[in-house]
Every structure is written in C-alpha cells, then in structure tokens.
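# Close look at the chain arrangement
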Amino acid sequence: MANEAINTFRACIPLFQSLSDPHRQDIIMLLAEKEPLTVNEITEHLSLSRPAISHHLKIMRDQKLVTIEQKGTQRYYSLALEDAVQLLKQLIKTVEEDCIF
C-alpha cells in the first residue's frame, strides 16, 4: 500500500507545481468566472504582460488545466479541471486509506 501512496503523491507533483503559482491561481479564478477568454482578454484583467500570461497558459495547458478552442484567428481558453480533480480525489483517498492510522 505504501507504494501506491508514494506513486499517487509523485503523480501529483506536476499538478501541485502548476497550481502553486499565484498568477496561475488568478488565471484559474478568472476563467472560472468569465470563460472562455483570449490571452488579450485575460491580460486586461490581470497585471501581467501578454507574454507572461501566455507562459502561464502554456504551463497550465501542459498539465491539462486549460483547453483551447480556435475561433477564426482567436484562441479561447477554458478550464479543464476534471482530470486534476480526479487525481486530487485519488490522493485524498490514498492518504485516508494508507496514511491515517
């Protein structure tokens, strides 16, 4: 059982790293409130440059926290948190079953 707990913890590391940045947290909250948005629209709401927003969105896209929909020349970003939530639920379940005595 300990191996399963370790594997689940390790599987969560990239997700935790992605979620640990306050700017990415701001983007998540903004998209939760107003999705879908373009990079320019996100930039209008936050105090970051367009390249910085794009950088954060790339990291979030790599972790499957956001999806992109192309409409003409615009790319719209939306949240895609289902996989992340499932992974976190698995971590909680593993901790409850294997780490709490």
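No experiment lies behind these values; they were computed from the predicted model shown.

What follows deals with the pairing of strand β1 (residues 66–71). Sheet analysis places β1 next to strand β2 (residues 74–79), joined by six bridges and oriented antiparallel. Bridge pairing in β2 links valine 66 to leucine 79. Between β1 and β2, which pair antiparallel one after the other, the connecting turn spans two residues, and glycine 72 there sits at a positive phi close to 65 degrees.

Below, the discussion takes up the pattern of salt bridges. In this structure the tally under the stated criterion is two salt bridges. With a closest N to O distance of 3.9 Å, glutamate 33 and lysine 34 form a salt bridge. Under the relative-accessibility criterion, glutamate 33 is labelled exposed at 62%. Taking relative accessible area as the criterion, lysine 34 reaches 36% and is therefore assigned partly exposed. Note that aspartate 62 is salt-bridged to lysine 58, the shortest N-O span being 2.8 Å. With aspartate 62 and lysine 58 both in helix α4 (residues 50–62) and four residues apart, this pair spans about one turn of that helix.

Reading guide: rules and limits
Along each chain, numbering runs from 1 in the same order as the chain's sequence is written. Per-residue local features are limited, in this predicted model, to residues with pLDDT of at least 70; the limit for side-chain atom pairs, both in listing and counting, is 80 or more; totals at the level of whole chains, interfaces and linings are taken over all residues. Note that the side-chain values use all heavy atoms of the structure and ignore hydrogens as well as water. Paired strands, as defined in this entry, are two strands with at least two bridges between them according to DSSP. The numbering of helices and of strands both runs from the N terminus, where a helix is a DSSP run of H or I of at least 4 residues and a strand a run of E of at least 2. For this document, the term salt bridge refers to a Lys or Arg side-chain nitrogen within 4 Å of an Asp or Glu carboxyl oxygen. Any residue under 20% of the maximum accessible area for its type is buried, any over 50% is exposed, and the rest in between are partly exposed; the area is computed with a 1.4 Å probe on protein chains only.

Keep in mind these numbers describe shape, not what the thing actually does.
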